[in-house]
Each structure stands twice: as structure tokens, then as C-alpha cells.
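Residue-level structure breakdown
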Amino acid sequence: MKNYRIAVLKGDGIGPEIVNEAIKVLNVTAEKCGFTVEYDEALLGGCAIDATGVPLPDETIAKCKAADSTLLGAVGGPKWDSMPGNLRPEKGLLGIRAALGLFANLRPARIFEPLRDASPLRADIIGGSLDIMVVRELTGGIYFGERGRLEENGVKAAYDTEKYSVPEIERIARIAFDLAMKRGKKVCSVDKANVLESSRLWRETVTEIAKDYPEVELSYMYVDNCAMQLVRNPSQFDVILTSNIFGDILSDEASMISGSIGMLASASLGETGAGLYEPIHGSAPDIAGQNISNPLATILSVAMMLKYSLGQPEASDMIEKAVAEVLNEVRTPDIYVEGFRKVSCSEMGDAVCERIKLY
Ligand code: NAD
């Protein structure tokens, strides 16, 4: 029987409670699908600072590197807000992404039918179904390029540099095309090639990589048009492939179409394919410890892990189906509307597990 080793970083605030529910769901799914999972817990963020004095202990890096994949809750909270910059929980987050060489950020934006009304977009704009994956380059471009300040003729100025190499573009493009092969077989590469030289190289390189994926339909779009199309006709997209800065903005825009922060999963992938999976929300200190948070973003992060790192697409589909179905009956307070049964975080986890047991 296939066995997977998952590094688990519960983190702070609601992190432990949402991760516990995701583990519960993964265990039930594993039993149903005929594989086993072992968990290796490690510290990250505020809890790591409290226990070891640093937000990212070496032992955590070692455990994540040894694992088939890593599941993360969330880090941070007011307790650590006054710590110096290098001792902040967020430093641990950036550190683990760097240590694992994660260069691709995957953010799905999809509508679960029962939550259609939660979307800020009108139902007729959303159309029949919506399932977009934004693939953002994470370790290059203007956020990492040369920057500085200068003075020209007594006038202060500043600059930041957008720079991409062919290998950097190639590896992120391959991630996008591989994903498209597991989804709707469409990639839209988003750039600003009418103005930026780096975008022209991006487009040339993506065009070359596309030749290895004859089944995938490649299109190009300028970033300004893409920002508009996402709210005008979002269902035209399958995989959106883009740079660090454009992806930063577009992934936030796309994910909000789903309407609830407690539902949004994400993944970061590197060369090894092991990946780090986490909800996009933070540690929600305002509701921590009350068992009222929504664990579905973390549960859906596990579904992504099964599909994109562990090669268990059926198990992944099973979780997504169960989540869609339970939303017809139960709701955590953040997505509650009249007519449904209001449940706690752990009851939502139980509801998903019970549904999976029925399949
Ligand atoms: P947040 O995402 O934690 O919370 C924003 C709002 O959404 C809050 O009202 C919260 O209660 C609600 N919310 C978030 N997740 C929820 C869930 N699963 N169920 C129900 N409600 C949910 O953002 P914030 O308040 O800006 O940040 C809180 C802390 O989290 C800060 O310390 C911040 O640095 C940290 N943070 C961590 C990550 C991460 O670990 N990846 C990401 C963002 C923020």
C-alpha cells in the first residue's frame, strides 16, 4: 500500500484547528482510496519563536525537505507583532518558501454552486461554471530585481528592475502547461509585451515551451485586458500563467470572485514537486480558539496536494465533491446564511468526512 509522509506546520491562531480538520479529512480519504499517510509535525511562526527563539528552526526545514509534501495552517498574531523584523512569524513563512525552492504559486479561483450568491459578481457574469488556476512566478521579476535610489539634477528618483531569464520562464511555463494537461487544457499567458522587453522574452519563451504540449491551447493577453476580462467574462480562463508582480495582483482579483476568504486554497511548487499547501487566509487571531473558523480552505489545500504532488487525482476529486455537497446543508459562521445549519469548525470537518464515507 502506498504511504505518504506529510510535514505538518500548524502554526498560530486558527492554524491548529483548521489543520486538524484537514488531517481528519485526509485520513478518511486515504482509507477510502487505499493509501496511508504519516504526519511529521514541526514548528513555524509564532509557536516556533516561543519554543525555540526563531520563527523557522532548522529542524522544520529538514522535516519539510524529507516529506512528500508540506501542509501549513497559518502564522502570526498580535503576540509577536512587536518583535524585530527578522524574528517575526512572517519571516518564517518567507524562509520556508525559500528553503524549499518554491518558485511557482498556484491559486485556484472557483465557485462552489451553493456559494454562488457570495460572489461579488452577478450570476450571469459568472456563467455556467468557473474554475480558474492562476500560476504566478514567485522568485523572480521586479520583486527581486536590482533597485535603488538616486538623485538626478537635484531631483530624487528611485527604480526597480523587472528581469527574467529564459530558464526562469521555462520552468514556470512548464508548471502551467503540466497543470493545464490535468485540467481544461488551456493556458493564457499574461504579460505586457506591447511595452516591456521582459514581457517580449516571456512571450517568446512560453511559445517555445508550448510546442512540447500540442494538446494545450495557448493564448496571450495583456495584463490590463486580463484584469478587465476577469470581471467581465471569467469563465473564459482555465490556467493563467504570469509573472510575479502581475500574478500578485491578478491572483487576488481572481480569488475574490469566489467571495469568501475561508474557502481559498493555494499551493507553492518547486523543482521536486513536493510543494507547500496552505489556505490563503491568515491566522485570524480574532476568532482563534473558539472552534468557529472555516476549515474548508485548508481541506481544499489538501485536495490540491493530492492532485498536484501526490498523484492521487481521484482522492482529490472526492474531497472537492464532498465540500461542494456539504455546503448545501451546513455552514460555518463566515459563510452562514439563513436556511442552513450553522456548524463549528470541527463539525464542518466531520460533515466532509461523513460525506466521503458515503462514496
Ligand atoms: P486573516 O486572513 O487572518 O483574517 C482576516 C479576516 O478574515 C478576519 O476577520 C478573520 O477572522 C477572517 N478569517 C480568516 N480566515 C478565516 C477562516 N478560515 N474562517 C473564518 N474567518 C476567517 O488576516 P489578518 O487579520 O490581516 O492577519 C492576521 C494574522 O495572520 C497576522 O499576524 C498576519 O500577519 C497573519 N497572516 C498570515 C498569513 C499566512 O500564514 N499565510 C497570511 C496572511 C496573514
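The structure we're discussing is the one just above.
The paragraphs below set out a description of the structure included in this document. (Residues numbered from 1 in each chain as written. Predicted model: local features only at pLDDT ≥ 70, side-chain atom pairs only at ≥ 80, totals over all residues. Heavy atoms only, no water.)

Things to note about helix H4 (residues 89-99)
Among all positions of H4, only Pro89, Gly92, Leu93 and Ile96 are buried. Looking down the long axis of H4, one finds its buried residues gathered within 100° of arc, a one-sided arrangement. Seen from the buried face of H4, the exposed residues on the opposite side, beyond 90 degrees, are Leu94 and Ala98. Where H4 is buried, its residues meet helix H2 (46-52), helix H3 (58-66), strand E3 (69-74) and strand E12 (276-279). A positive phi of about 60° marks glycine 101, the residue just after H4. (Buried < 20%, exposed > 50% of the residue type's maximum accessible area, 1.4 Å probe, protein only. Helix = DSSP H or I, 4+ residues; strand = E, 2+ residues; numbered from the N terminus. Arc of directions from axis to C-beta. Contact = heavy atoms within 4.5 Å.)

Observations concerning the sheet that holds strand E9 (residues 217-222)
Strand order in the open sheet formed by 10 strands is E2-E1-E3-E12-E11-E4-E5-E10-E8-E9, and the pairing between neighbours is mixed. Every interior strand has two partners, whereas the edge strands, strand E2 (35-41) and E9, have only one. Put simply, the sheet's adjacent strands are angled 25° from each other on average, direction ignored. Pairing of strand E5 (residues 131-137) with strand E10 (residues 239-242) involves four bridges; the strand directions are parallel. Across the sheet, valine 134 pairs through a bridge with isoleucine 240, a residue of E10. Running at roughly 170° to E9, helix H7 (residues 197-210) makes contact with E5, strand E8 (186-191), E9 and E10 of the sheet. (Pairing = 2+ DSSP bridges. Axes fitted to C-alpha atoms, helices over the stretch in contact; angles between N-to-C directions.)

Overview of the layout of surface pockets
Space inside the largest pocket adds up to approximately 560 Å³. Counting only elements with at least two residues in the lining of the largest pocket, the list comes to E3, H4, strand E4 (104-110), helix H9 (244-255), strand E11 (265-269) and E12. Ranked by the residues each element gives to the lining of the largest pocket, the list is headed by H4, at four residues. For the lining of the largest pocket, the per-class residue count stands at 12 nonpolar, nine polar and five charged. Around the second largest pocket, the lining comprises 20 residues; the ones closest to its centre are Pro108, Arg110, Phe112, Asp131 and Glu320. At the level of elements, E4, E5, helix H10 (296-308) and helix H11 (313-326) are the ones that each hand at least two residues to the lining of the second largest pocket. If one sorts the elements of the lining of the second largest pocket by residue count, H10 sits on top with five residues. Taken together, the residues of the lining of the second largest pocket sort by class into 13 nonpolar, two polar and five charged. (1 Å grid on protein atoms, 1.4 Å probe; cavity = no way out; pocket = protein on both sides within 12 Å on 5 of 7 lines; lining within 4 Å. Points joined across faces, edges and corners; volume = space filled by probe spheres on them. Nonpolar A, V, L, I, M, F, W, Y, C, P; charged D, E, K, R; others polar.)

Regarding the packing of aromatic side chains
Taken as a whole and judged by the stated rule, the model has three aromatic pairs. Relative to tryptophan 202, the ring of tyrosine 164 lies with its centre 5.2 Å away and its plane at 70°, an arrangement referred to as edge-to-face. On the criterion of sequence distance, the pair formed by tyrosine 164 in the loop between strand E7 (155-160) and helix H6 (166-181) and tryptophan 202 in helix H7 is long-range, its members being 38 residues apart. Tryptophan 202 shares its class with tyrosine 164; the two are buried. On the numbers, 5.1 Å between centres and 20° between planes, the contact of phenylalanine 177 with tyrosine 213 is stacked. Placement of the pair is phenylalanine 177 in helix H6 and tyrosine 213 in the loop between H7 and E9, with a sequence separation of 36 residues. Looking at phenylalanine 177, the relative accessible area reads 0%, which means it is buried. (Phe/Tyr/Trp six-rings, centres within 6.5 Å; stacked < 30°, edge-to-face > 60°.)

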